[in-house]
Amino acid sequence: MASSLTKDAAAQGNPANGGKTFFGHPRGLATLFMTEMWERFSFYGMRALLVLYLISGGADAETGSQGGGLAMTAASASAIYAVYMALVYLLAMPGGWFGDRVWGPRKTVIVGASVVIAGHVVLAIPGPSFFVGLAMVACGSGLLKSNISTMVGHLYNGPQDPRRDGGFTVFYMSINLGSLVAPLLFGWVGQSINWHLGFGLAAVGMALGLTQFLFGTKHLDPKSSQVPTPLTVEERNGWLRKGLLWAGIAAVFYGIVAGTGHFTLNWALVPIGVIGIAIPFAVLFRIKRDKELSPSEQGKVSSYLWFFVAAAAFWMIFDQAGSTLSLFAEKNTAKTIFGLSFPSTWLQSVNPMWVLALAPVFATMWLALARRGKEPSTTVKFAMAMVAIGASYFFFIVPIMMSAGGDKVSPMWLITVYCMQTMGELCLSPVGLSVTTKLAPVKYASQMMGVWFLANTAGDSVVSLLGIAGADLSGVGVLVAEAALATLAGVAIYLNRKRINERMGDVR
Ligand code: GLN
């Protein structure tokens, strides 16, 4: 990472914009950096408030905390949160499709950002439209997330460009810069003053991101404005027909459910949870069974299945930062450090803080090991990530038990849990993105970014269904089961590393 920030800028200037660079990278990276920073600012800021807002005013809310929320139980709030997260990542796939076939990545980001702003404006208005706003934010994020990553790739001359990996590292910093600042500000505005003011702040953040994207758009690669494989008129009509048919079926079905007075939130949550598990499997199954793939591509897809299932178990635990860990921060953690008190939301900044602190350490460590020919392979890094995330939940059981009698534990417990999780994240997330693109069969190259995000969808959907089924997500039993599952996945990958590596061919 360090090297990518200190490279000789003049030598690497992009001729298209007069040689101006951003930390030695094409100037367009600055535009994408700022857009993603603001988008993550609004995403993680709202996410930090979500579960606390849903329980606020109800029996599960912390005594003395701000009222005015939806008074739900912690179990329902966690299930809604997990469904929301699953949906965000599920919609990254159609988001990629829109970029590929309908609007091109640049326009899709503009549409996505506008929908996110509108969604947050709806959330900022108190009233029953809350879930409409939430669905809009999920749709907008889905449109934006995969396309913005694609555009980072466009700035470089193909996969062989030596600056490419560094560019993605700088981009990962933007994600975490936005995620670091957001909970601090949202905790203060949303959690301490007014929830809806907090949601409004998310709209302002995304609006700033969109504005600077529109101003900086001239620095992007022209490829970002093109539609790589436009839909034909017949295809478009076919999709419209299918879309209208399914929308019609859903409208009639839910019309009957609502009309007969049976509608509860579970009628919306359960189908999304089930779809969130079914779609990732269906997509991978379709790719795996594709007869047009060469034997070497088939082998690569088989090895990818290992990484995908492991990643799903990883995100299943990791994404509970905004629910299980957030609830623990609110209800069981002392919200003072060095005598100063802070809103529980602030602890949501700890993961991005660790990312920013540890990413250079990991980059240096991999480089040092690589120089001695000892850098762990992708397979071993995945195994390490799974053991780290499993260990974080085994460790989390200690403060859970300590606080069972009503005592508040030191925030250092959660800070340590996040440290372990971040170490896992740094072994899995950047490596996973890169291996996804390298193992992708040519035919599916443009869809694979969306496929990678489906691992989040699958993991979050499992949590949502567990929550809906009444499992106590903060209970020792569930935590042990999740920790054991992740650790076992890590051990299984490690034991099978030779077989997996063989199927990966020349990819490491
Ligand atoms: N912090 C990363 C991001 O927001 C996490 C990615 C993920 O959950 N897949 O992009």
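Here the structure is shown first, and the text comes after it.
Residues numbered from 1 in each chain as written. Predicted model: local features only at pLDDT ≥ 70, side-chain atom pairs only at ≥ 80, totals over all residues. Heavy atoms only, no water.

A. Representation of the layout of surface pockets. The volume enclosed by the second largest pocket comes to roughly 300 Å³. Along the walls of the second largest pocket sit 16 residues, with Ala74, Leu327, Lys331, Asp472 and Ser474 positioned nearest its centre. Residue assignment for the lining of the second largest pocket shows that the elements contributing at least two residues are helix H3 (74–90), helix H12 (324–332) and helix H14 (378–402). Residue composition of the lining of the second largest pocket, grouped by class: eight nonpolar, five polar and three charged. (1 Å grid on protein atoms, 1.4 Å probe; cavity = no way out; pocket = protein on both sides within 12 Å on 5 of 7 lines; lining within 4 Å. Points joined across faces, edges and corners; volume = space filled by probe spheres on them. Helix = DSSP H or I, 4+ residues; strand = E, 2+ residues; numbered from the N terminus. Nonpolar A, V, L, I, M, F, W, Y, C, P; charged D, E, K, R; others polar.)

B. Broad picture of the site of the ligand. Lining the immediate environment of the ligand, one finds Arg40, Tyr44, Tyr89, Lys145, Ile175, Trp315, Glu425 and Asn456. A distance of 2.6 Å is found between an oxygen atom of the ligand and a side-chain nitrogen or oxygen belonging to Tyr44. A distance of 2.6 Å is found between an oxygen atom of the ligand and a side-chain nitrogen or oxygen belonging to Lys145. Coverage of the ligand by the protein amounts to 97% of the 300 Å² it exposes when considered alone. (Near = heavy atom within 4 Å. Polar contact = N/O pair within 3.5 Å; in protein donor to acceptor, adjacent residues only side chain to side chain. Areas by Shrake-Rupley, 256 points an atom, 1.4 Å probe, with all protein chains shown as cover.)

C. Quick look at the side chain of Asn501. Among the structural elements, Asn501 can be located in helix H18 (residues 497–503). If we skip the residues at most four places from it in the chain, Asn501 touches Ser377, Thr379 and Arg508. (Contact = heavy atoms within 4.5 Å.)

D. Just the packing of aromatic side chains, in detail. In the structure shown here, the tally under the stated rule is 28 aromatic pairs. Aromatic side chains Phe395 and Trp413 sit 5.3 Å apart centroid to centroid with 35° between the ring planes, which places their arrangement in the tilted category. Taken as a pair, Phe395 in helix H14 and Trp413 in helix H15 (residues 411–439) lie far apart in primary sequence, 18 residues in all. Classification of Phe395 by relative accessible area gives partly exposed; the value is 24%. A relative accessible area of 22% means that Trp413 is categorised as partly exposed. Here the aromatic cluster, defined as three or more aromatic residues joined through ring pairs, consists of Tyr53, Phe130, Phe131, Trp195 and Phe199. Lys242 extends its terminal NZ or CZ atom over the ring of Trp239, reaching a point 4.6 Å from the ring centre. (Phe/Tyr/Trp six-rings, centres within 6.5 Å; stacked < 30°, edge-to-face > 60°. Buried < 20%, exposed > 50% of the residue type's maximum accessible area, 1.4 Å probe, protein only. Lys NZ or Arg CZ within 6 Å of the ring centre and 35° of its normal.)

Everything listed here is a matter of coordinates, which is why it stays silent on function.
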